[in-house]
Amino acid sequence: MDRIIEFLTSKSLAEMAADPRLLFGTAVLFVLAVLFRWKFVLLFLFAIGAMMVVLRYTAGGGGSETIVDRNMILFIGGTIVIAIVLIYFVFIRD
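Fair warning: this is a prediction, and the values are worked out from it, not measured in the lab.

Engineer: Give me the layout of surface pockets: which residues, what numbers.
Structural biologist: Estimated volume of the largest pocket: approximately 500 Å³. In terms of lining, the largest pocket is formed by 18 residues, of which the most central are Leu22, Thr26, Ile48, Gly49 and Met52. Sorting the residues of the lining of the largest pocket by element identifies α2 (13-17), α3 (20-36) and α4 (39-59) as the ones contributing at least two each. Within the lining of the largest pocket, the residues separate by chemical class into 15 nonpolar, three polar and no charged. There is about 200 Å³ of room inside the second largest pocket. Lining the second largest pocket, in full, are Arg3, Ile4, Phe7, Leu8, Asp19, Arg21 and Leu22. Going through the elements one at a time, α1 (2-10) and α3 are the ones with two or more residues in the lining of the second largest pocket. In terms of residue count, the dominant contributor to the lining of the second largest pocket is α1 (four residues). Its residues placed into classes, the lining of the second largest pocket shows four nonpolar, no polar and three charged.

Spelled out as structure tokens, the structure:
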């Protein structure tokens, strides 16, 4: 257990997203969630994956004021889309 906690605290988010052990564990969890129809696990994996995509897509860019503004708009828009999808699947769709 100590090795797992040390692994999670020593790595940055980008390093953990590219770690093959973590990707394999996520893939196994995804397959199990699909097979057993665990809706909330699937939504959690979707939220984490979608936020990683939004963060990776908007993290690039230089110091220009227009690029920062455009990236902030993309980040806010992507986060709102993710929130709408999650709200739909959790509260509206049965």
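Engineer: Can you explain a nonpolar patch on the surface? Please cite residues and give values.
Structural biologist: Taken together, the side chains of Phe24, Val28, Leu29, Phe30, Val31, Leu32, Val34, Leu35, Phe36 and Trp38 define a hydrophobic patch exposed on the protein surface, amounting to about 950 Å² of accessible area. Mapped onto the elements of the fold, valine 31 is located in helix α3. With a relative accessible area of 44%, valine 31 lands in the partly exposed category.

Engineer: An account of the packing of α3 against α4 is needed here, citing residue identities and associated values.
Structural biologist: Orientation of α3 relative to α4, taken along the N-to-C sense of each, is 145°, at an axis distance of 8 Å. Pair α3 / α4 crosses with left-handed handedness. Residue-level inspection shows Thr26, Leu29, Phe30, Ala33 and Val34 of α3 in contact with α4, the latter providing Val41, Leu42 and Leu45.

How each quantity is defined
Residues numbered from 1 in each chain as written. Predicted model: local features only at pLDDT ≥ 70, side-chain atom pairs only at ≥ 80, totals over all residues. Heavy atoms only, no water. 1 Å grid on protein atoms, 1.4 Å probe; cavity = no way out; pocket = protein on both sides within 12 Å on 5 of 7 lines; lining within 4 Å. Points joined across faces, edges and corners; volume = space filled by probe spheres on them. Helix = DSSP H or I, 4+ residues; strand = E, 2+ residues; numbered from the N terminus. Nonpolar A, V, L, I, M, F, W, Y, C, P; charged D, E, K, R; others polar. Patch = residues over 30% accessible without salt bridge, like charges linked within 9 Å, V, L, I, M, F, W, Y side chains within 5 Å. Areas by Shrake-Rupley, 256 points an atom, 1.4 Å probe, with all protein chains shown as cover. Salt bridge = Lys/Arg side-chain N within 4 Å of Asp/Glu carboxyl O. Buried < 20%, exposed > 50% of the residue type's maximum accessible area, 1.4 Å probe, protein only. Axes fitted to C-alpha atoms, helices over the stretch in contact; angles between N-to-C directions. Left-handed = near helix turned anticlockwise from the far one by under 90°. Contact = heavy atoms within 4.5 Å.

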